[in-house]
Amino acid sequence: MKVVVSIGGSVLAPDLGSERVRDHADVIEDLAAEGCTVGTVVGGGGVAREYIGAARDLGANEIELDDIGIDVTRLNARLLIAALSEQAAPSPPEDYESAGAAMHRGDIAVMGGVTPGQTTDAVSAALAEYVNADLLVYATSVNGVFSDDPNEVEDAQKFDQLDAGELVDVIAGIELTAGSSAPVDLVAAKLIERSGVRTIVLDGTEPERIADAVRYGEHDGTDIVPEGADDQMTYWVRDEE
């Protein structure tokens with residue numbers, strides 16, 4: 001089974017402590033040991049926002065700010081690589097071809113951002129499409145996709161399942177609301193729709209939730225099911241053993 005795991009920077013290392021990073025590394029290594037081919041994309045989180053805020057105050061333009069954000073995502077990726085075994089590629093791939101090649105030879109690929117103007121949400125969806133992943137998992141700080149930002153709207157509706165077209169519509173609606181935050185961005189949602197990759201959005205602050213989703217399809221998040229696909233996925237790791 002080929003899986004891409006997207007881990008937000010604030011989920012992986014909210015305070016730059018090592019414990020959460022190591023716990024995520026343990027989960028990824030266990031999945032690889034169970035026969036998964038794993039690619040991971042790491043976001044920048046609060047550290048990236050702090051650097052970008054400081055650079056903006058100093059007069060940096062938007063491309064320069066994006067480059068700073070990419071640098072931080074790659075530093076976070078190196079934190080995860082440091083916690084992984086020698087099975088991990090030793091440095092973050094800087095393009096999809098390099099990440100795909102690492103996964104093809106059996107390494108765990110851990111990458112950050114790729115290009116200005118593109119979030120790691122979109123990088124994750126693009127990598128999943130590039131390597132023809134069976135599953136894409138977004139480990140975020142919320143437990144799924146909601147009709148509104150649940151941090152801003154108390155009665156936001158949580159969706160247990162959406163098709164990819166519905167995901168695009170929901171995310172577009174959230175992004176049009178000033179100040180709201182979606183669990184994945186609109187570009188990522190459109191890439192998921194184009195590729196048809198099965199996707200799960202879940203709360204990844206407890207890394208074992210990622211493992212349960214990949215192993216058994218068990219989670220409290222949102223399933224993004226490709227249009228025309230059977231609701232019941234038949235190739236969870238548990239079923240392949």
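As the structure is a prediction and not an experimental result, all values here were calculated from the model.

Caption draft 1: Layout of the overall build of the protein. Each helix and strand in the protein was counted, giving ten helices and nine strands. Computed over the C-alpha atoms, the radius of gyration of the protein is 17 Å, within 12% of the 18 Å expected from 2.2 N^0.38 for a compact globule of 241 residues. Once the C-alpha set of the protein is aligned to its principal axes, its extents read approximately 55 × 45 × 30 Å. Out of the 241 residues in the protein, the part that is buried amounts to 49%. Counting only contacts in the protein whose residues sit at least 6 apart along the sequence, the fraction spanning at least 24 positions is 68%. Summed over all atoms, the accessible surface of the protein reaches about 11200 Å², with 44% contributed by carbon and sulfur. The distance from the centre of the 15 positive side-chain charges to the centre of the 47 negative ones in the protein is 4 Å.

Caption draft 2: Region of the structure containing the environment of Phe 159. Within the fold, Phe 159 resides in strand S6 (residues 158–159). Accessibility expressed as a relative area gives 17% for Phe 159, which makes it buried. Sequence separation between Phe 159 and Gly 46 is 113 residues, and the spatial gap between their C-alpha atoms is 27 Å. Each residue touching Phe 159, except ones within four places of it in the same chain, is listed here: Val 145, Phe 146, Ser 147, Val 170, Gly 221 and Thr 222.

Scoring rules and cut-offs
Residues numbered from 1 in each chain as written. Predicted model: local features only at pLDDT ≥ 70, side-chain atom pairs only at ≥ 80, totals over all residues. Heavy atoms only, no water. Helix = DSSP H or I, 4+ residues; strand = E, 2+ residues; numbered from the N terminus. Rg over C-alpha atoms; globule rule 2.2 N^0.38 Å. Buried < 20%, exposed > 50% of the residue type's maximum accessible area, 1.4 Å probe, protein only. Contact = heavy atoms within 4.5 Å. Areas by Shrake-Rupley, 256 points an atom, 1.4 Å probe, with all protein chains shown as cover. Lys, Arg positive; Asp, Glu negative; His and termini not counted. Charge placed at Lys NZ, Arg CZ, Asp CG, Glu CD.

Nothing here speaks to function; it is all geometry.
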